[in-house]
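An overview of the molecular structure
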Amino acid sequence: MKIETKCVHAGGYSDPLTGGINTPIFTSTVYDYIDRDATVYPRYFNTPNQEAVAQKLSALEGGESAILFSSGMAAISTVMLSFLKAGDHAVIQDELYGGTHAFITSHFEDLGIAYSLAALKAEKIAEALTPKTRVIYIETPTNPLLNIIDIQEVSGIAKNAGAITVIDNTFASPINQTPITLGIDIVTHSGTKYLGGHSDLSCGAVITSAQLAERIRKTALSLGGNMNAQTCYLLERSLMTLALRVERQTQNAGVIADHLENNPNISRVNYPGLKNHPGHDIAKKQMTGFGAMLSFEIDPGLMNAKTFMKRLKLIKPGVSLGGVETSICDPATTSHAKVSPEVRKRIGISDNLMRLSVGIEHPDDLIGDIEQALLI
Ligand SMILES: *Cc1c(COP(=O)(O)O)cnc(C)c1O
């Protein structure tokens, strides 16, 4: 099956009682266990609603097994704690989602887990390896500069070193990138973003091999962080249109990026689909589409970020992403507020950098909104 077909038909739980074609919402937390192989319980991550949507996600990412969590951070922290113990070492890419960065820097030391932050290059990851490295953790494209790391190179390095590779695939979604097919062991998601896609649910997901999933399930069972039946159902419904949404969002982002590049009031556009983007060639090799996230810099002589956002009529200021509606934020005061101004400047996050999550509206309306806001 192609990915669009998997979105609709993979997984699911047909209802033998009524012949209904959608997965029913099973609200039970207690299940009869006599004459059954496994005890079913929400925190065992094996209820019918959890299974129905996990199978769909697993098919979309090309894995063998998936586990659903109540948030992206629950998924990410559970994966880390499943494979890292005191005395172990992890290599972590330094450009990372803020919440993941905070989890590592505020808890790993107390847990006795050593880590190295490596710049966004496969050879920097290789240089950071030690004999105790168990996990390599990456994210591509990155937030908010949309930088790209070569996934296949990283998985090759990890295989030689006997380390497990984990990638946060939130920004690309399986529609634009399937890291397991490029040799990655474990994919994590904040399903709150593209998988949910309507800015109305919080969830996380892990997709991997059956063997690694078993180990993650064991840790998850102790930490909790499971998702309820109603949210599973909403997510399953959302995934039916994942390809449709993300394909259109990606197409719109390409049109907007091209347009912004030619706007004299915009000094820089970061989008992996642009030929001048430093990660363009790698992105072309490893992504099926360049994604629907982009960032751009407004000429600081014209207006500041807050003024620009207030002048927008259609595009919504908001810190999350991946919804059907286009949203915008300024990373300097949101996702990267805790990073010092000097470091922000060095890595290219200026006060006037805007991050755009492109939705499914008509691109002409979105371009029109940006242009009217810049017109003074
Ligand atoms: C939002 C986000 C997360 C965290 O997910 P939550 O659902 O908010 O816990 C992790 N990684 C990336 C790339 C994100 O954008």
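Described in the following lines is the structure provided in the data block. (Residues numbered from 1 in each chain as written. Predicted model: local features only at pLDDT ≥ 70, side-chain atom pairs only at ≥ 80, totals over all residues. Heavy atoms only, no water.)

**Describing the packing of aromatic side chains**
When we look at a pair of aromatic rings, we describe it by the centre distance and by the angle of the planes. Here is the rule we go by: Under the pairing criterion, centres of Phe, Tyr and Trp rings, with the six-membered ring standing for Trp, must be within 6.5 Å; the plane angle then separates stacked pairs below 30 degrees from edge-to-face pairs above 60, leaving the rest tilted. Under the DSSP-based scheme used, a helix requires at least four consecutive residues in state H or I and a strand at least two consecutive residues in state E, with every element numbered from the N terminus. Residue burial is assigned from relative accessible area. The probe radius is 1.4 Å, only protein chains are included, and a residue is buried under 20% of its type maximum, exposed over 50%, and partly exposed in between.
In this structure the tally under the stated criterion is seven aromatic pairs. Considering the side-chain rings of Tyr13 and Phe26, the 5.1 Å spacing of their centres and the 70 degrees angle between planes classify their relative orientation as edge-to-face. With a gap of 13 residues between them, Tyr13 in the loop between α1 (3–9) and α2 (48–61) and Phe26 in the loop between α1 and α2 connect regions that are remote in the sequence. In this structure Tyr13 comes out as partly exposed when scored by relative accessible area, which is 37%. For the ring pair Phe296 and Phe308, a centre distance of 6.1 Å and an interplane angle of 90 degrees mean the geometry is edge-to-face. On the criterion of sequence distance, the pair formed by Phe296 in strand β9 (residues 293–298) and Phe308 in helix α12 (residues 305–311) is long-range, its members being twelve residues apart. Across this residue pair, the class does not change: Phe296 and Phe308 are buried.

**So, the sheet that holds strand β6 (residues 186–190)**
This is how the line gets drawn: Between any two strands, pairing holds if DSSP finds at least two bridges. The axes used here are C-alpha line fits, helices contributing only the stretch in contact, and every angle between their N-to-C directions lies in the interval 0 to 180 degrees. Whether two residues are in contact is decided by their heavy atoms: any pair within 4.5 Å suffices.
Read from one edge to the other, the open sheet built from seven strands follows the order β1-β7-β6-β5-β4-β2-β3, with strand pairing classed as mixed. At either end of the open sheet lies a strand with only one pairing partner, and these are β1 (65–69) and β3 (114–118). Neighbour to neighbour, the strand axes of the sheet diverge by 20 degrees on average, direction disregarded. Pairing geometry for strand β2 (residues 89–93) and β3, over five bridges, is parallel. Paired with Gln93 across the strands is Ala118, a residue of β3. Each of β2, β3 and β4 (133–139) is contacted by helix α4 (residues 98–111), which is oriented at about 145 degrees to β3, the strand it contacts most.

**Some thoughts on the site of the ligand**
Condition: When we say a residue is near a molecule or strand, we mean one of its heavy atoms is within 4 Å of it. Throughout this description, a polar contact denotes any pair of N or O atoms lying within 3.5 Å of each other; where both atoms belong to protein, one of them has to be capable of donating a hydrogen while the other can accept it, and for residues adjacent in sequence the pair is counted only when both atoms sit in side chains. To measure how exposed things are, a 1.4 Å probe is used in the Shrake-Rupley method; for residues, cover is taken only from the protein chains shown.
Around the ligand sit 13 residues, and of these Gly72, Met73, Asp168, Thr192 and Lys193 come closest. Asp168 has a polar side-chain atom sitting 2.6 Å from a nitrogen atom of the ligand. At 2.9 Å, a side-chain N or O of Ser190 approaches an oxygen atom of the ligand. Within the complex, 89% of the 380 Å² of free accessible area of the ligand lies under protein.

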